[in-house]
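# Results of the structural survey
Listed here are the chains, written in short residue letters.
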Amino acid sequence: MDEPRPVISRKILLGLVVGVTVAAAITAMAAAPRPPAETQTVAVGAASALDPGFRRDEQLTPQQARDLAKQQAVGNRALAGIRRKLGVAYAGAWFDSTSRRLTVGVIDRSRVDEVRAMGAEPRLVEHNLLGLQGAKTRLDRFGERAPVSVVSWYVDPPTNTVVIEARKDQAAEEFITRARGVGDMVRVEWTSKVPRTFADVLGGGGFTIGDARCSVGFSATGPNGTRHVITAGHCTQEGSLVLADGQEFGRVSGGTFDADGDFGLIDITDSDARVTSFVDTRDGGPVVVTGTEPAALGASVCRSGSSSGFACGEVVTQDETVNYGNGSIVRGLSRMSVCAEPGDSGGAVVSGTQAQGVMSGGVGDCASGGTTFFQPIQEAATKLGVSVVTS
């Protein structure tokens, strides 16, 4: 864990609490509304503040990191056009970990050359994305009563299947027997771990709501210029007081932690607080968020949280349904190949300078290794009726 950074003011939110997410950082400094001099607008892997974490976690040379960042940025921009042009022939897209190229699944052999012409590597598969999503939707319908040993299920374009992740016991096997009724698209992955949220019952650190400690995700504004923070829904209870450094910072105005997602909104009540587009990287200048463009499957992402700081990995799944137990089944999450710890819930996930989401929970931890689920930010902001602050 990084050491706490020097405290300039109690109102540099999270500056006082062991490097908590400045995630689109919220400050109240009486300064001109612009980034500090050392701030850089960066892309993942660029020769910038993100280099130390990204190169360390992905084991890339500086040049490899820069090349990968450029390839993924080009691929992410092309994705919407490729999907639109292929229509029902489209079977999903992902960055191949070996070739480090954008790969597109296609069910029509006659469209293969067209995919190459659009700058991606085609892969001929059996099921289109609509079919896979339909199978997952059918799982969602009877999965609302899934046993706790059924961890999650999601569409996996690289294998052209719908994956069910579960711990092996009789209840899970019975669920999977029913699930196979949706067709030959279902594939099972057995695991020994269970997902959990990353809220932490701890008196202090990060921001606190009652006894729960979580992390700030992104600054946001409402239609009339109101100031807000987007965080995880399971961290929130409507109307609750939010404290930073033991003093009032805001109040919860809404939260969702169910089949609709895991996102919550804090209304900032501190009159001195200023919303910014910063995300803290711990060992360098902050990332300046410039947009909310979704990254492709396999793209590089980094997370910033109050407990585990800043680290990077890749997008492993998208639109995953996660069973947290006790009836808490959350749809529409993405998973990344980087660990997190209790207290990180709600923290920021970015790809380059694009906001991706807020941390929800995960499997494992940073001591033994783990993966982390996050709530996509576009859906969260839309449902909350706010806009992420960008530069």
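Quick caveat: nothing in here was measured; it's all calculated off a predicted structure. (Residues numbered from 1 in each chain as written. Predicted model: local features only at pLDDT ≥ 70, side-chain atom pairs only at ≥ 80, totals over all residues. Heavy atoms only, no water.)

Scanning the protein for helices and strands turns up 6 helices and 26 strands. For the protein, with 391 residues in total, the buried portion stands at 55%. Contacts in the protein between residues at least 24 apart in sequence constitute 61% of all its contacts with a sequence separation of at least 6. (Helix = DSSP H or I, 4+ residues; strand = E, 2+ residues; numbered from the N terminus. Buried < 20%, exposed > 50% of the residue type's maximum accessible area, 1.4 Å probe, protein only. Contact = heavy atoms within 4.5 Å.)

Of note in the backbone geometry, asparagine 160 takes a positive phi value of approximately 55° without being a glycine. Positionally, asparagine 160 belongs in the loop between strand E5 (150–156) and strand E6 (161–166). In the Ramachandran plot, asparagine 326 falls in the positive-phi region, its phi being about 55° despite a non-glycine side chain.

Here we take up the packing of helix H4 (residues 129–143) against helix H5 (residues 170–179). In contact at an axis separation of 11 Å, H4 and H5 are set at 135° when each is read in the N-to-C sense. The angle between H4 and H5 places the two elements in the oblique class. The crossing of H4 and H5 is right-handed. Contact with H4, carried on its side by Leu139, Phe142 and Gly143, involves Phe175, Arg178 and Ala179 of H5 and no other residues of that element. Residues of the contact of H4 with H5, tallied by class, amount to 4 nonpolar, 1 polar and 1 charged. (Axes fitted to C-alpha atoms, helices over the stretch in contact; angles between N-to-C directions. Parallel < 35°, antiparallel > 145°, perpendicular 65-115°, else oblique. Left-handed = near helix turned anticlockwise from the far one by under 90°. Nonpolar A, V, L, I, M, F, W, Y, C, P; charged D, E, K, R; others polar.)

Before going further, it helps to examine the state of the cysteines. Going through the model one piece at a time under the given rule, you end up with 3 disulfides. Taken in sequence order, the bonded cysteines of the protein link in the pattern 1-2, 3-4, 5-6. (Disulfide = S-S within 2.5 Å.)

Enumeration according to the criterion identifies 4 aromatic pairs in this entry. A ring pair is formed by phenylalanine 142 and phenylalanine 175, whose centres lie 5.3 Å apart and whose planes are at 50°; its orientation type is tilted. With a gap of 33 residues between them, phenylalanine 142 in helix H4 and phenylalanine 175 in helix H5 connect regions that are remote in the sequence. Look at phenylalanine 257 and tyrosine 324: their rings are 5.7 Å apart centre to centre, the planes differ by 35°, and that puts the pair in the tilted class. Of the two residues, phenylalanine 257 is situated in strand E15 (residues 247–258) and tyrosine 324 in the loop between strand E21 (309–323) and strand E22 (329–336); the sequence distance between them amounts to 67 residues. Among the residues examined, phenylalanine 257 registers a relative accessible area of 24% and is labelled partly exposed. (Phe/Tyr/Trp six-rings, centres within 6.5 Å; stacked < 30°, edge-to-face > 60°.)

What follows deals with the pairing of strand E13 (residues 227–231). The buried fraction of E13 is high, at 4 of 5 residues. Alignment of strand E12 (residues 218–221) against E13, held across 4 bridges, turns out to be antiparallel. The residue bridging phenylalanine 218 from the neighbouring strand is isoleucine 230, located in E13. As consecutive antiparallel partners, E12 and E13 are separated by 5 residues, and within that stretch glycine 225 has a phi angle of approximately 85°, a positive value. (Pairing = 2+ DSSP bridges.)

On to the sheet that holds strand E3 (residues 102–106). Remark on secondary structure: sheet strands pair via backbone hydrogen bonds, oriented parallel or antiparallel. The strand order across the open sheet built from 3 strands is E2-E3-E4, with neighbouring strands paired in mixed fashion. Two strands lie at the open edges of the sheet, namely strand E2 (90–95) and strand E4 (121–124), each paired on one side alone. Along the sheet, successive strands turn relative to each other by an average axial angle of 25°, direction set aside. For E2 and E3, the ladder comprises 4 bridges, and the chain directions are antiparallel. Note on E3: the bridge partner recorded for tyrosine 90 is valine 106.

Enumeration according to the criterion identifies 12 salt bridges in this entry. A salt bridge links aspartate 319 to lysine 136; the shortest N-O distance between them is 3.7 Å. Taken together, the residues span a long stretch of sequence, with aspartate 319 in strand E21 and lysine 136 in helix H4 at a distance of 183 residues. Overall, aspartate 319 belongs to the partly exposed group, its relative accessible area being 34%. By relative accessible area, which is 3% here, lysine 136 ends up buried. Residue glutamate 144 is joined to arginine 331 by a salt bridge in which the shortest nitrogen-to-oxygen separation is 3.0 Å. A residue pair is termed long-range when its members are at least 10 positions apart, and glutamate 144 in the loop between H4 and E5 and arginine 331 in strand E22 qualify at 187 residues. Accessibility expressed as a relative area gives 52% for glutamate 144, which makes it exposed. (Salt bridge = Lys/Arg side-chain N within 4 Å of Asp/Glu carboxyl O.)

Turning next to the nonpolar core. Counting 32 residues, the largest nonpolar core has Leu102, Val104, Val150, Trp153, Ile164 and Phe175 as the members making the most contacts within it. For this core, the secondary-structure elements that each account for two or more residues are helix H2 (62–86), E2, E3, H4, E5, E6 and H5. If one sorts the elements of this core by residue count, H4 sits on top with 5 residues. With near-sequence residues (within four places) excluded, isoleucine 164 lies in contact with Leu139, Val150, Ser152, Trp153, Phe175, Ile176, Ala179, Val186, Arg187, Val188 and Glu189. (Core = buried A, V, L, I, M, F, W, Y, C linked by side-chain atoms within 4.5 Å.)

Our focus in this paragraph is the side chain of aspartate 344. Turning to its location among the elements, aspartate 344 is positioned in the loop between E22 and strand E23 (348–351). Notably, aspartate 344 is buried but unbridged: the nearest opposite-charge side chain belongs to arginine 303, and the N-O separation is 4.9 Å. (Lys, Arg positive; Asp, Glu negative; His and termini not counted.)

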